[in-house]
Amino acid sequence: MEETAQLRAQTILYKNDLQSVKKSVESISNALRVSVQNNGTVKKAEISFGDASPTPLMSEEYIKELNDEFKDNLNITYKFFGFNSGTSKGQNILFKECRSPYLMIYNPDVVVSPTYFLEMMKPYEDKTENVGMTEARQIPIEHPKQYDTKTGEVLWGAMACVIIPSEIYKELGGLDEENFFMYCDDVDFSWRLRLNGKKVLYRPNAVAFHGHRLSFNGAISHTEAELYYSAESSLMMAYKWSNNAWLNRLIGICSTGTPYQKKALEYFMDRKKNGTLPKQLDKNHNIACFVNGNYSKNRYDV
C-alpha cells in the first residue's frame, strides 16, 4: 500500500475454513470503505494471519490473490508458525511486526458490520477519555456481561473483536502467554489495562457476527482443548488475581471433576511446586471480579 495503515488487524488460524476467513476479510474491507466515506479515523489497514495449524492453510498464491482482490484498502500478510502457539503467544509473535497506531485482535471467522470502524474508533477521538480497549457487540449470541449503558465501561473485553492502541499493548507487554495458552487472556489483559488506569469500553453499535457451534439443546459446544484450557485458565486467573477463596473452591471442584479439570489441576499444582506461578496482582481486590464463576456480573441476573 502507498499510504501507511492506521490499523493492524491480527488473527490466529487453526484448521479454519478458508471460505469463512475470506468472508471476514471482505467485511473488514467493506467497513474500511464506509469509514473512508464518512471521514473516519481508519482508512487503510493491514491484516496479519498467524497460522498455528499442523500444516499451512494458506499458500503464497492464495495470499497474492487476496492482496490483488483487496489492494484498494488492505495489505495482507501470512506467517506459518510451525507449532500450536495458542492465542496469546500467537498474537504476541504477530505484534512484533506491528507499525500501525491501532491494533485490532479478532477471531478469523468474525464478520464485522459496515459501520464497525466508525463505532469502534469514536472513543479514541476524545484524548481525555483514557481508553485502553474498545469491544464490539457479538451476534447472534451476545455476551451477557454487565456494562454501563451511559459510558459503555465494562470490566473486561472479549477479544473475539477488539481495538487497542498499539502503544498500550506494547506498554503492557502484550498478552500473558506464559500463563494463558487460550481463554482468559483477554480478561487478564483487560484487568491489567484497568490496573494501569485505562478504560475498557463496550460498543453495542459496533456489531460483529461471531458464529458458534451449538448442541442439540441450543448450548454452545466445546472442543476437548477448550474444555481443558478453560479449566486451566480459571485456576490461573484465581491465583494471579489474588482470589484465594475462589481458588480453593476451584481446586476442590477440579479434584473430583472431569478428566479435563483433573489434568488442569495437576498442571497448576506442578507449577506451584516448582515455584513458577505468576506474580499475584490486585491484592486489595480493586480491579478483579469473580461472580458465580464469571468475571463480571451478568446484566440479566436478578
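Residues numbered from 1 in each chain as written. Predicted model: local features only at pLDDT ≥ 70, side-chain atom pairs only at ≥ 80, totals over all residues. Heavy atoms only, no water.

## Quick word on the layout of surface pockets
Roughly 150 Å³ of internal volume is contained in the second largest pocket. Taken together, Y102, P123, Y124, D126, K127, E129, N130, V131, P165, I168 and K198 make up the full set of residues lining the second largest pocket. Grouping the constituent residues of the lining of the second largest pocket by class yields 6 nonpolar, 1 polar and 4 charged. (1 Å grid on protein atoms, 1.4 Å probe; cavity = no way out; pocket = protein on both sides within 12 Å on 5 of 7 lines; lining within 4 Å. Points joined across faces, edges and corners; volume = space filled by probe spheres on them. Nonpolar A, V, L, I, M, F, W, Y, C, P; charged D, E, K, R; others polar.)

## Comments concerning helix α7 (residues 224–240)
The first and last C-alpha atoms of α7 sit 24 Å apart over 17 residues, in line with the 24 Å expected at 1.5 Å per residue. Within α7 the residues assigned to the buried category are E226, Y228, A231, E232, S233, S234, L235, M236, M237, A238 and K240. Tucked inside the fold, the buried residues of α7 contact α6 (185–195), α8 (244–255) and α9 (259–274). Positive backbone phi, at 60°, marks S242, one or two positions downstream of α7. (Helix = DSSP H or I, 4+ residues; strand = E, 2+ residues; numbered from the N terminus. Expected span 1.5 Å × (residues − 1). Buried < 20%, exposed > 50% of the residue type's maximum accessible area, 1.4 Å probe, protein only. Contact = heavy atoms within 4.5 Å.)

## As for the side chain of S234
Mapped onto the fold, S234 is located in helix α7. Accessibility expressed as a relative area gives 19% for S234, which makes it buried. With sequence-adjacent residues up to four places away left out, S234 is seen in contact with L250 and Y295.

## Comments concerning the pattern of salt bridges
Tallied over the full model, the rule gives 13 salt bridges. Notably, a salt bridge pairs E69 with K22, separated by 3.0 Å at the nearest N-O pair. You can see E69 sitting in helix α2 (residues 60–69) and its partner K22 sitting in helix α1 (residues 18–37), a full 47 residues away along the chain. Ionic contacts of the salt-bridge type, sharing partners, join the residues D176, D188, R192 and K240 into one network. (Salt bridge = Lys/Arg side-chain N within 4 Å of Asp/Glu carboxyl O.)

## Comments concerning the domain arrangement of the protein
Entries for the protein in the domain assignment read domain 1 (7–209) and domain 2 (222–302). For domain 1 and domain 2, the distance between their C-alpha centres works out to 26 Å. In this complex, domain 1 contributes 23 residues to the contact, which on the side of domain 2 involves 24 residues. For domain 1, the biggest contributors to the area lost against domain 2 are N179, Y183 and W191; these three give 29% of the whole. On inspection of domain 1 and its partner domain 2, the count reaches 3 salt bridges. The interface formed by domain 1 and domain 2 holds 14 residue pairs in polar contact (both at pLDDT 80 or more) in total. Top contributing element to the side of domain 1 that touches domain 2 by residue count: α6, with 6 residues. Partitioning the side of domain 1 that touches domain 2 into residue classes produces 13 nonpolar, 3 polar and 7 charged. (Domains from an automatic or database assignment. Buried area = accessible area lost by both parts, 1.4 Å probe. Polar contact = N/O pair within 3.5 Å; in protein donor to acceptor, adjacent residues only side chain to side chain.)

## A closer look at the pairing of strand β7 (residues 161–165)
Of all 5 residues in β7, 5 are buried, a share of seventy percent or more. The alternating pattern of β7 places C161, I163 and P165 on one face and V162 and I164 on the opposite face, and all of these are buried. Bridge count for strand β4 (residues 102–106) against β7 is 5 bridges, and the pairing is antiparallel. Residue pairing across strands places I105 opposite V162, the latter belonging to β7. Where strand β6 (residues 131–139) meets β7, 2 bridges bridge the pair, whose relative direction is antiparallel. For E135, the partnering residue across the bridge sits in β7 and is V162. (Pairing = 2+ DSSP bridges.)

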